[in-house]
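# Survey of secondary and tertiary structure
Here's the letter readout for the chains.
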Amino acid sequence: MKNTLIKVFSLLLVLVFGLFLTACSKYSVLEKAFKNKGYSVNETLAEQSKKIEEELKENDKDMVVKLHLLTKDGSLSSALIIEFNSTEDMVKAYEDSETIKGFVKDVKNNEDAQKVYEALQDSGYAKGNCLVIPLSIVPSTVSEIKEIVRSVK
């Protein structure tokens, strides 16, 4: 009886640690924060994000990404959220993609992947496994999008 109880406890302990080590996506939290600021999911403009998706697949066919486009109601301001499997995949995609680097400003190149991620996060372009690209030419809108990303815990 005691051995069975120890085995069950050990199995539960392994399962709990496995849950803690699994990366959770921040997309749902980001989506909620954007919706609270008047943004909604935009399916019609999703075609504009195909270039980034194609470039990411060219660079690494095993990298699975989901693209989400959110547009502010009553305006042309949009944010493209690229959801990666992990933060490591996100950093790799950033380093390999000239298109993403063109959209993402304020981030200096760095050899340390963790520092690149921290720079992306501090600049308001990343949260968890999601990279957020402002699709606006209006500087105040870009600032608003970056502040929304920074506000997510």
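Figured I'd write up the structure that's included with this text. (Residues numbered from 1 in each chain as written. Predicted model: local features only at pLDDT ≥ 70, side-chain atom pairs only at ≥ 80, totals over all residues. Heavy atoms only, no water.)

## Section: the packing of aromatic side chains
Stated formally: Side-chain rings of Phe, Tyr and Trp, where Trp is taken by its six-membered ring, are said to pair if the distance between their centres is within 6.5 Å; with planes under 30 degrees apart they count as stacked, over 60 as edge-to-face, and otherwise as tilted. For each residue, the accessible area found with a 1.4 Å probe, counting protein chains only, is set against the maximum for its type, and the residue is called buried under 20%, exposed over 50%, and partly exposed in between. Should the NZ of a Lys or the CZ of an Arg lie within 6 Å of a ring centre and within 35 degrees of the ring normal, that charge is described as sitting over the ring.
Here the structure, examined in full by the defined rule, presents one aromatic pair. Considering the side-chain rings of Phe34 and Tyr39, the 5.1 Å spacing of their centres and the 85 degrees angle between planes classify their relative orientation as edge-to-face. For the residue pair Phe34 and Tyr39, the accessibility class agrees, reading buried in each case. The ring centre of Tyr94 lies 6.0 Å from the NZ or CZ of Lys101, which sits over that ring.

## Remarks on the side chain of His68
Note the following rule: Counting from the N terminus, the helices are DSSP H or I runs at least four residues long and the strands are E runs at least two residues long. Two N or O atoms form a polar contact when they lie within 3.5 Å of each other; inside protein one atom must be a possible hydrogen donor and the other a possible acceptor, and for residues adjacent in sequence the pair counts only when both atoms belong to side chains. Only heavy atoms matter for contacts: two residues are in contact if any of them lie within 4.5 Å across the pair.
Note that His68 resides in strand E2 (residues 65-72). On the basis of relative accessibility, which here comes to 17%, the residue His68 falls in the buried class. In terms of polar contacts, His68 uses its side chain to reach the side chain of Glu83, at 2.8 Å. Sequence-distant contacts of His68, defined by excluding residues within four places in its chain, comprise Tyr27, Ala79, Leu80, Ile81 and Glu83.

## As for the packing of helix H2 (residues 27-36) against helix H7 (residues 139-151)
Heads up, the condition is: Fitted lines through C-alpha atoms serve as axes, helices being fitted only where they are in contact, and the angles separating the N-to-C directions of these axes extend from 0 to 180 degrees. Roughly parallel means an angle under 35 degrees; roughly antiparallel means over 145; roughly perpendicular covers 65 to 115; every other angle is labelled oblique. Handedness of a crossing follows from how the near helix is turned relative to the far one, being left-handed for an anticlockwise turn of less than a right angle and right-handed for a clockwise one. Note on residue classes: Ala, Val, Leu, Ile, Met, Phe, Trp, Tyr, Cys and Pro are nonpolar, Asp, Glu, Lys and Arg are charged, and everything else, Gly too, is polar.
Contact pair H2 / H7: the axes reach a minimum separation of 9 Å and the direction vectors enclose 130 degrees. In terms of orientation, H2 and H7 fall into the oblique class. You can see that H2 and H7 cross each other, and the crossing is right-handed. Facing H2, whose interface residues are Leu30, Ala33 and Phe34, H7 presents Ile145, Ile148 and Val149. A class-by-class count of the residues in the contact of H2 with H7 yields six nonpolar, no polar and no charged.

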